[in-house]
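Tertiary structure, described
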Amino acid sequence: MSQPSPILTGLACRCPRCGKGKLFSGYLNIAPACDQCGLDYGFADSGDGPAVFVIFLVAPLIIVLALLVEASFTIQPWMHLVLWIPTTIVLSLALLPPFKGVLINLQYRNDAREGRP
């Protein structure tokens, strides 16, 4: 039986082994185990990785969009705050769970462990 893609199952926030069970019990809280195949999620520790990747994706996107809006329209500086602060927050919060799911799925697939001497 072939294993599901860690990228696709991570983006869907699904179990890295079966691809069907839920990975999270809350917004970013890892479930104790898969409700389908019983895989213990005790190994899962993505650290700050998801936040870093989200920042690297969202920040340039917002900057490009802000520059495009500034080049296309004449708007007041405070209007940029009204547009881009909520957009940044919403995009960041929307992308955190899938990115965390991908990192956990890749951690499982590659049998990644904490470094030991």
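Criteria and cut-off values
- Residues numbered from 1 in each chain as written.
- Predicted model: local features only at pLDDT ≥ 70, side-chain atom pairs only at ≥ 80, totals over all residues.
- Heavy atoms only, no water.
- Disulfide = S-S within 2.5 Å.
- Buried < 20%, exposed > 50% of the residue type's maximum accessible area, 1.4 Å probe, protein only.
- Helix = DSSP H or I, 4+ residues; strand = E, 2+ residues; numbered from the N terminus.
- Expected span 1.5 Å × (residues − 1).
- Contact = heavy atoms within 4.5 Å.

Considerations on the state of the cysteines
One pass over the full model with this rule turns up 0 disulfides. With no disulfide partner, Cys13 has as its closest neighbouring cysteine sulfur the one in Cys15, 12 Å distant. Left unpaired, Cys34 is separated from the closest cysteine sulfur, that of Cys18, by 3.6 Å. For Cys34, a relative accessible area of 6% puts it in the buried group.

Examining helix α3 (residues 77-109)
In this model α3 runs 47 Å from its N-terminal to its C-terminal C-alpha over 33 residues, within 8% of the 48 Å that 1.5 Å per residue would give. Turning to α3, its buried residues are His80, Trp84, Leu96, Pro97, Pro98, Lys100, Gly101, Val102, Ile104, Asn105 and Gln107. Contacts made by the buried residues of α3 are with α1 (6-11) and α2 (49-72). After α3 finishes, the residue Asp111 shows a positive phi value of roughly 50°.

By themselves, these observations are geometric and do not establish any function.
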